[in-house]
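A look at the structure
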Amino acid sequence: MLLPMPNYFSAIDFLIWRATIGCLRNQRKADSVACRNLPITSALYISTTPSPIKQTKFNFSLLLISRSFLQQLRQIRAMASEKEAAGSGSAAAFNGGEAAEPPQRKIALITGITGQDGSYLTEFLLNKGYEVHGLIRRSSNFNTQRLNHIYIDPHNSHKARMKLHYADLSDASSLRRWIDTIAPDEVYNLAAQSHVAVSFEIPDYTADVVATGALRLLEAVRSHIAATGRSHIRYYQAGSSEMFGSTPPPQSETTPFHPRSPYAASKCAAHWYTVNYREAYGLFACNGILFNHESPRRGENFVTRKITRAVGRIKVGLQSKLFMGNLQASRDWGFAGDYVEAMWMMLQQEKPDDYVVATEESHTVEEFLEVAFGSVGLNWRDHVMIDKRYFRPAEVDNLKGDSSKARKVLGWKPKVGFEQLVKMMVDEDSELAKREKVLVDAGYMDAQQQP
């Protein structure tokens, strides 16, 4: 008689049913050709899994006529074991086990992702296999140029591991909403009104974003943890060497703060908010007190980039003068790409703490001018003029970090030296000036916009 069709009917059942009928119809032929041609999945299913078919009374001996089929069955079992070891989960499912799940990516949330540090940190985390989400402010102009080289349209969901969302540190509801939605493992607060001189012009806004903005983000993280139980979240707060202000160098984690600008005072508040949330709520929160760190991605209104930008333009004849302020101010300058690694290292430690990140070398603005102009064969004294409008109401004379704790505990050290950093920036801005010269010569730009 014909084999009855199973009560429930999966794709594998159908293959078994058809193949077994073929065996029965060819019962008079002792070669069992149809049986030897059973699909691999069907044979494995018959040999390892209970089925209504196996409960039906028919002659299974037909399936075992030839030794070649037995050898094939052994090969099938071996292949199933290999697939299970590879994480396919098919054989594990047949044997009542659980399939191995692929490791999940860590998720990082970055405020200030469109800035110099944000772009370098995003590159670093993507190379570490993270999924990165960035919060950006709405602007009528595109402000994502530092991310253009790594941006992938989110419609390519299988490739886009960096995603951008609109939010603002002045809007607490947007911060909490995105933390709940993204569910990050690590939060990096890099956003700020970070220009020291400008902070004297807009002190209220600076305090609201830099100080209270950090408090809003900390509270959003704390309340998210309280609501979800995701206590493993780690938080990084970007500090600044400006917090030390007039305190004599070298400055370390134990050096008293003496801020000399609204920006620096706001950073001090953000620092102590972070310490308070760590101590009061057990939040894994770290402060990174980073000394000046530069790169070709630095904003053009910061003194280092202002210098290298002018060097490139003066070299090709687009500019003749550079107006500067205090040339005797001394700073500990490092490469931003090195410093973002220290940020990440802080959040990989067993316990949260605060760290100074610095090169432990100090150079004046005049030294920066000497190296920058000298790298293209120019004398800075022929082009630099002092303008008192660039002096600050309260100057910070000398900042030089003591990063011995970061070097010992984190194993971090800078890779790019001072002269290498300056040359890197000059080279990039020289190429930019050459491209700009082409536009000027073609009549698309006015070279007289600069003195």
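Residues numbered from 1 in each chain as written. Predicted model: local features only at pLDDT ≥ 70, side-chain atom pairs only at ≥ 80, totals over all residues. Heavy atoms only, no water.

Counting secondary structure elements, the protein chain contains 16 helices and 13 strands. Across the 451 residues of the protein chain, 48% fall into the buried class. In the protein chain, the share of contacts with a sequence separation of at least 24, taken over all contacts with a separation of at least 6, comes to 77%. (Helix = DSSP H or I, 4+ residues; strand = E, 2+ residues; numbered from the N terminus. Buried < 20%, exposed > 50% of the residue type's maximum accessible area, 1.4 Å probe, protein only. Contact = heavy atoms within 4.5 Å.)

If you trace the backbone, Ser430 turns up in helix H16 (residues 418-441). On the accessibility criterion, Ser430 (14% relative accessible area) is buried. In contact with Ser430, other than residues within four places in its own chain, are Gly312 and Val376.

This paragraph deals with the pattern of salt bridges. Considering all chains together, one arrives at 23 salt bridges under this definition. Measuring nitrogen to oxygen at the nearest pair gives 2.9 Å for the salt bridge that ties Asp354 to Arg278. Taken as a pair, Asp354 in strand S11 (residues 354-357) and Arg278 in helix H11 (residues 262-281) lie far apart in primary sequence, 76 residues in all. According to the relative accessible area criterion, Arg278 is buried, its value standing at 15%. (Salt bridge = Lys/Arg side-chain N within 4 Å of Asp/Glu carboxyl O.)

Judged by nonpolar contacts, the single largest core of 59 residues is most densely connected at Leu125, Tyr188, Tyr236, Ile307 and Phe373. Counting residues per element, this core draws most heavily on helix H13 (residues 336-346), at eight residues. Setting aside chain neighbours within four positions, we find Tyr188 in contact with Ala108, Leu109, Ile110, Thr111, Leu121, Leu125, Tyr236, Met343, Trp344, Leu347 and Gln348. Counting residues in hydrophobic clusters, the runner-up holds 24 residues, among them Leu169, Trp178, Ala191 and Leu218. (Core = buried A, V, L, I, M, F, W, Y, C linked by side-chain atoms within 4.5 Å.)

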